[in-house]
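Each chain, letter by letter, is given below.
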Amino acid sequence: MQGHLRKMRVKLDKPVQYELLLSDQAIPLNPVIGKSIKLTYTGKIFCVHCGRSTKKSFNQGYCYPCFISLAQCDMCIMKPETCHYAAGTCREPAWGEAFCMQTHYVYLANSTGIKVGITRENQIPTRWIDQGAVQALPIFKVQSRYISGLVEVAIAKHISDKTSWQQMLKNNVETLDLVAKRDELMATCKTELADITQRFGAQAIECLPDEQSVDIHYPVNRYPDKVKSFNLDTNPEVSGILEGIKGQYLLLDTGVINLRKYSGYELEFSALDKVDELLR
């Protein structure tokens, strides 16, 4: 089976269900765990936005013209507190209105320890799963991406806003009381949150005191003791026994690969069982 790679489709279940997306084909991966698989990069890359052929991928799947012109590739997507829509310099104001000027959630997650993050409402729980979180808890509902970024920055002064992907893949993580941590952070950040509310109005930030922590379980038979990462640009063939899946990583007995990094790459996929049998 061959096609242009997209990040894996996920569904919250016990364990999380994964599908490998190659162009318009969706391959269930959970049934393949414990079996030998092979991924082969054909040498072709196609932009995930416009579909044009490109020699190099930018920002996980874009050609260079799209990378420098699309609002979804701007730095403010990674750092929403730098949003410049109000200054009239947004690359695509209509896109910004549709994707950034909508409800966002600030959350706590536990991937390799406590961290804070933000996501759109329709990306819950996908965002948590993609990060490899084993626990997650929404703590604020906010009016826009910009405001969620300001809240995240205030909280990130006290806890991390990053994940160690190597430790996440080793599953070096302890269960935490996210509800207690939420209450602690609300008290600690009371002044900063009050300043944001005063600036944007009482409706800008809604606390979520009744939310409960969500536990996330991944389909993994064995976690790696040492993390060896594959690079399709230098080694176009990845093969081995699929030991499990966590975040957007395939965990093989021969190493790990972040499939999201290679969005737009044309890949051939094969497994010990016939792929058409997996699709029945």
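Provided above is the structure to which this section pertains.
The following refers to the structure shown. Since we're looking at a predicted model, the values are computed, not measured.

1. So, unusual backbone geometry
A cis amide bond, omega 5°, links lysine 14 with the succeeding residue proline 15. In this structure, the amide linkage connecting isoleucine 124 to the following residue, proline 125, adopts the cis form with an omega of 5°. Tracing the backbone shows proline 125 in the loop between strand 6 (114-120) and helix 4 (126-130). For asparagine 59, which is not a glycine, the phi torsion comes out positive at approximately 55°. The topology assignment puts asparagine 59 in the loop between strand 4 (36-45) and helix 1 (64-69).

2. Here's the deal with the sheet that holds strand 4
Taken in spatial order, the eight strands make up an open sheet running 3-2-1-13-4-10-11-12, and their pairing is antiparallel. Either end of the sheet is taken by a strand with one partner, and the two such strands are strand 3 (25-28) and strand 12 (255-258). In this sheet, neighbouring strand axes are inclined to one another by 40° on average, regardless of whether the strands run parallel or antiparallel. Where strand 4 and strand 10 (residues 237-246) come together, five bridges link them in antiparallel fashion. Counted as the bridge partner of threonine 40 is glutamate 237 from strand 10.

Calculation notes
Residues numbered from 1 in each chain as written. Predicted model: local features only at pLDDT ≥ 70, side-chain atom pairs only at ≥ 80, totals over all residues. Heavy atoms only, no water. Helix = DSSP H or I, 4+ residues; strand = E, 2+ residues; numbered from the N terminus. Pairing = 2+ DSSP bridges. Axes fitted to C-alpha atoms, helices over the stretch in contact; angles between N-to-C directions.

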